[in-house]
Amino acid sequence: MDLLGFLRTQVHANRLANHRLHHAMRTLSREEYHAPRTSFFASLAKTLDHILAVDLYYLAALHGEADMERQWRAAPKCETVADLAFAQAAADTRFVAHVGALAPQALEEVIELDRGEGRVQRERRGHVIAHLLNHQVHHRGQAHAMLAGTAVKPPQLDEFLMPSEAHLREADVKAAGWTEASLFGRDGE
């Protein structure tokens, strides 16, 4: 498997994991969603808002948008799981489309990250994509663990996204409006 194919599969897996997590959380009240919890960020809401804000920043950078710093600062603070799920789905869809449209050589392109106060960080596109995926997994795992302190059963998020396991993701793929071919290409490889 080539690196770009791997990253394309991973951005789809990222979207499916967010969908599962947000779907499981749909019954949480606003109070439960914002309740203080033990983790790096002090609530489910703060953790998931952080994921979204960072996604918006890096997606702006990947698209060459000059206002990435402003987008990060202006990221919404979602009051409900439904609001968060809607906003995160839009960011995830943009991430899937971005990676899906890349040619392999694009992973080597250097992009600029505005770090504020005139500081610009330069990184290869492939490294930024990999970092963003890792960031989501890291903080989504924290949210997953926080769910154990609620009445919501934490959903399965870590199964492999392999062609032979289509039966494990059928409902999620349908909800995303995808097909198995969109995950793995025409021949399932």
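Residues numbered from 1 in each chain as written. Predicted model: local features only at pLDDT ≥ 70, side-chain atom pairs only at ≥ 80, totals over all residues. Heavy atoms only, no water.

A. A look at the environment of His12. Locating His12 in the fold gives a position in helix H1 (residues 3–25). Measuring from C-alpha to C-alpha, the distance between His12 and Val173 comes to 9.3 Å, with 161 residues separating the pair along the chain. If sequence neighbours within four positions are ignored, His12 has contacts with Val96, Leu161, Trp178, Ser182 and Leu183. (Helix = DSSP H or I, 4+ residues; strand = E, 2+ residues; numbered from the N terminus. Contact = heavy atoms within 4.5 Å.)

B. Region of interest: the pairing of strand E1 (residues 110–114). Of the two faces of E1, only the one carrying Ile111 and Leu113 is buried; Val110, Glu112 and Asp114 on the other face are not. The pairing of E1 with strand E2 (residues 120–124) spans 5 bridges and is antiparallel. Its bridge partner being in E2, Glu112 is matched across the sheet by Arg122. What sits between the antiparallel neighbours E1 and E2 is a turn of 5 residues, in which Gly116 has the positive phi angle 85°. (Buried < 20%, exposed > 50% of the residue type's maximum accessible area, 1.4 Å probe, protein only. Pairing = 2+ DSSP bridges.)

C. Geometry of the pattern of salt bridges. Overall, the coordinates contain 10 salt bridges when judged by the stated rule. A salt bridge links Asp172 to Arg20, with the shortest nitrogen-to-oxygen separation between them at 2.5 Å. Separated by 152 residues along the polypeptide, Asp172 in helix H7 (residues 166–176) and Arg20 in helix H1 bring together distant segments of the chain. A relative accessible area of 11% places Asp172 in the buried class. For Arg20, a relative accessible area of 14% corresponds to the buried category. (Salt bridge = Lys/Arg side-chain N within 4 Å of Asp/Glu carboxyl O.)

D. Structural view of the side chain of Arg140. Within the element layout of this structure, Arg140 appears in helix H6 (residues 125–147). Of the buried charged residues, Arg140 lacks a salt bridge, with Asp92 as the closest side chain of opposite charge at 6.2 Å. Within the local environment of Arg140, its side chain forms a polar contact with the side chain of Asn14, the two groups lying 3.0 Å apart. Not counting residues within four places of it along the chain, the set of residues in contact with Arg140 comprises Asn14, Ala17, Asn18, Leu21, Ile51 and Leu157. (Lys, Arg positive; Asp, Glu negative; His and termini not counted. Polar contact = N/O pair within 3.5 Å; in protein donor to acceptor, adjacent residues only side chain to side chain.)

E. Quick look at the packing of helix H3 (residues 44–62) against H6. Put simply, H3 and H6 touch, their axes get as near as 9 Å, and they point 170° apart. With respect to their mutual orientation, H3 and H6 come out roughly antiparallel. Looking at the contact of H3 with H6, its residues break down into 12 nonpolar, 7 polar and 3 charged. (Axes fitted to C-alpha atoms, helices over the stretch in contact; angles between N-to-C directions. Parallel < 35°, antiparallel > 145°, perpendicular 65-115°, else oblique. Nonpolar A, V, L, I, M, F, W, Y, C, P; charged D, E, K, R; others polar.)

Read these as spatial facts, not as claims about activity.
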